[in-house]
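Analysis of the macromolecular model
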Amino acid sequence: MALSDSVTTCLSQPVHYVICKLGFEKTDTYDINNILSGNGEVCWQAVTEHVYDLESDQSVDYIKSIRSLGPVCESVNLHFKSLTKKQFVIQYASWFHWTNCTEVFLEVFDVLQHAEATEVALGLMKLTSCLERALGDVYLLKDNDCPFLLRDLLASEQLADVFGQAVMNLLRVFIGSPYGLNLRNVLWHGFASPQEIPAKYCAMLLFLTAGLGQLLQTYLLQNKCVLVHRPYVIFISLEELDVFPLNNETLSMAEELVKLSSFVLKTMLPFWMAALTAFKQSRYADSVILLLPQLEVGLRLLFTTNNKCPNRLLTAESSALYTTFDEMLAKHLDNEEVNQLLVVLEEPALDFLWDFLNHQEGPRIRDRLSHGEINLETFPREIANQIVGFAITLLCRFSDEDMFSLKEHMVIKPLMSCASCYQSRFHPISRLKKQVLECMKSIHLWLELPRVPEEQVQAIKGLEVNDEANTSTLMISEIVSQWKQYMPQNCCSSDDPIHSVLAERLLVELCDIHICTLYSPRPVLVVVVVLRKISSQCHQVSQQVTASAGLRYTQWVKKTLRSRQRHNYLRMLNSIKFLSPVLRLILLLITLELVNVHSVCKKNPFAYQQYLKFLKSVLQYTENLVTYTSPEKNKWDETIKLTNKALIKIRKISDRKLMLMHLSV
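Each chain has its residues counted from 1, running along the sequence as written. pLDDT decides what is reported in this predicted model: residues at 70 or higher carry local features, side-chain atom pairs at 80 or more are listed and counted, and totals for whole chains, interfaces and linings draw on all residues regardless. To get the side-chain values, take all heavy atoms of the structure and skip hydrogens and water.

Next up on the list: the UniProt feature "domain: DUF4209" (unreviewed entry) in the protein. The sites that carry the UniProt feature "domain: DUF4209" (unreviewed entry) are, in the present numbering, residues 131–211. The span residues 131–211 is 62% helical and 0% strand by assignment, and the distance between its end C-alpha atoms comes to 12 Å. UniProt positions are given in the numbering used here, feature names are shortened, and annotations may be inferred rather than shown by experiment. Helix numbering and strand numbering both begin at the N terminus, where a helix is a DSSP run of H or I of at least 4 residues and a strand a DSSP run of E of at least 2.

By definition here, a helix of n residues has an expected span of 1.5 Å times n minus one. For helix α7 (residues 117–139), built from 23 residues, the straight-helix expectation of 33 Å at 1.5 Å per residue is met to within 8% by its first-to-last C-alpha distance of 33 Å. Of all the 23 residues making up α7, 22 are buried; the element is thus mostly covered by neighbouring parts of the structure. Polar contacts, as counted here, are pairs of nitrogen or oxygen atoms within 3.5 Å of one another; within protein the pair requires one atom able to donate a hydrogen and one able to accept it, and residues that are adjacent in sequence qualify only if both atoms are side-chain atoms. Two to three positions downstream of the cap, the backbone nitrogen of T118 sits 3.2 Å from a side-chain oxygen, assigning the N-cap of α7 to E116. Here the term buried applies to any residue with accessible area under 20% of the maximum for its type, exposed to any over 50%, and partly exposed to those in between, with areas from a 1.4 Å probe on protein chains only.

This part takes up the nonpolar core. As used in this record, nonpolar core signifies buried Ala, Val, Leu, Ile, Met, Phe, Trp, Tyr and Cys residues forming a set joined through side-chain atoms within 4.5 Å. Grouped together as the largest cluster of nonpolar side chains are 159 residues, with contacts concentrated most on F80, F174 and I365. Contact criterion: two residues are considered in contact whenever any of their non-hydrogen atoms come within 4.5 Å of each other. Residue contacts for F174: discarding those within four places in its chain leaves L69, C73, L181, N182, L183, Y201, M204, L205 and L208. Among the nonpolar cores identified, the runner-up in size contains 73 residues, and V545, A549, L583 and A646 belong to it.

The next thing to look at is the packing of helix α6 (residues 102–114) against helix α12 (residues 199–223). Packing of α6 against α12 leaves a shortest axis separation of 10 Å and a crossing angle of 150°. Where α6 crosses over α12, the handedness of that crossing is left-handed. Together, F105, V108, F109 and L112 of α6 and A199, C202, A203, L206 and T209 of α12 make up the contact between the two elements. Under the scheme applied, nonpolar residues are Ala, Val, Leu, Ile, Met, Phe, Trp, Tyr, Cys and Pro; charged residues are Asp, Glu, Lys and Arg; polar residues are all the others, including Gly. In terms of residue class, the contact of α6 with α12 is made up of eight nonpolar, one polar and no charged. Only C-alpha atoms enter the line fits that serve as axes; for helices the fit covers just the stretch in contact. Angles between N-to-C directions range over 0 to 180 degrees. By definition, any crossing whose near helix is turned counterclockwise from its far helix by less than a right angle is left-handed, and any crossing with a clockwise turn is right-handed.

Let us now look at the packing of helix α23 (residues 428–444) against helix α27 (residues 522–557). Taken N-terminus to C-terminus, the directions of α23 and α27 make an angle of 20°; their axes are 9 Å apart at the nearest point. With respect to each other, α23 and α27 are oriented roughly parallel. Of the two possible hands of crossing, α23 and α27 adopt the one that is left-handed. Here P428, I429, R431, L432, Q435, V436, E438, C439, S442 and I443 of α23 come into contact with α27, specifically with V524, L525, V528, L531, R532, S535, S536, C538, H539, S542 and Q543. In the contact of α23 with α27, the residues fall into 11 nonpolar, seven polar and three charged. Convention used here: angles under 35 degrees read as roughly parallel, angles over 145 as roughly antiparallel, angles from 65 to 115 as roughly perpendicular, and any remaining angle as oblique.

Let's shift gears to the environment of S430. Structurally, the position occupied by S430 is in helix α23. Using a relative accessible area of 12% as the deciding quantity, one classes S430 as buried. Once the C-alpha coordinates of S430 and C516 are considered, the two residues, 86 residues apart in sequence, prove to be 9.9 Å apart. With near-sequence residues (within four places) excluded, S430 lies in contact with S424, R425 and T517.

Rendered as structure tokens:
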């Protein structure tokens, strides 16, 4: 029997008891009128009296509190079931406005009417993420730096000042404390199966959220302040996220794979099926919310199996940490041994997980969804498509050999092919490659800049030719000649690689060279930060030159330039002729350094510091270049002098062979 078949719960015995049994030990009926006034307001004192303190240190006694609150939660659940949707909307809808996502809470009410387990769990995950975001907005009424973790947010003095400490203690019984029910974490981290989450706790959190809205309204009126909601994260450049081709046939095949794959715990099967159904119904946020915890629990199964620590499959107790994505994707285990999950998953899958979950410039989809930073109603299909597609490839990879026919099916093979060749798109190294190519395209547009006819230039008296520009051109040729030995043979050209099309082709070829981004050491990341800054400055120079040249040409044609401005404009045009190859040279320098960054950073500390010092001097040059070429300065003769000094330094470094070692490509 596969391990995925034999596991009946991912909740440890104490956690299972707290969530599934403790709140059911008291069977007496609780009158809803004790906690709900005639005008529909929550009677907080009557609710919070069920929260008990430990005699030892006055902190919350979670066990006693959960046991006491059990009948209260059931009473609230029955109360909601007795209401029609219209009655609920009239009585409660306005109290959810403070969350900025009223519709989510109205949906949760609908779910509670039929209490289907998977939908209740989904509703609770959405409710907790929206509630956390709203509480963060309230926190910002009192302070400027909102805590990232829900547990720190709920334990803050700022929220206690607004809602009262007793109310915050009550909330922590349900979410935000590993000693309580901790419903948010056990669901979002994939520990709880659908049947293990009592619907009455979802009902109680819905009830408490409305009550918080009532308390907040009073606070805002008394303090004459307004609650401001932080804007949602907006995903841009969604085309960058396009990896996996999906269609209805693929999804139908996935439904078969889910039932057979050893990656899926059988107790979690309803979540997988609901996720695929939600995707087909264009409920993209729901699909991803359901799927992310299942990816985590499937990977946790692989992690614990391959690292021989089966006990880590279960929820940890309050005194220990859960086994979550962060630990599973780490290079080493706590005992410094190599994490065997990395060996099993292989580089492409790890790159995908780091891209979509962790890298700061990636979508960081799990963090942003679970902390309520994304508008659920406008969640992009493009992201859901990739999460579902990646999940399908894992279902295939970690399945029995007798599923060969499914793996080789014509609708599955393209997904597997895409997965096997995936390379990071959001690691700083990958972003640098993108920056370089975008800057190159910007410089290439200089060829299309309008230019003054030569006869008009000759007619301008007093225009001097700057000999230093010719000197710069000669130095560029010398430097490039030296650098050819450092270029991969398949990227070399007998032609001058600095001019226009050849330069663009060379940079594309260099950027296509695979560089491992996983677990890059700090010296590498420090170098990449400097290189990215250099690239950004070059791009800014290019944009400034393009804007200035276009403006001055228009003024030239309209004859609105004064004599001094005409001379300055023509000096600009002369400068552009040599600035273009200079910027291409800098981009080539960046790219050559990048493709060899790992070996360069392994040098002895002194050599590394000298190397870093050189790169920072190049950065200083590009920063000065931004200043000199700005519309405010327009110092074109000074630009040429500055560039000559920089080229002399680059040539000197090249002569001393302090730059790059030969590439082994």
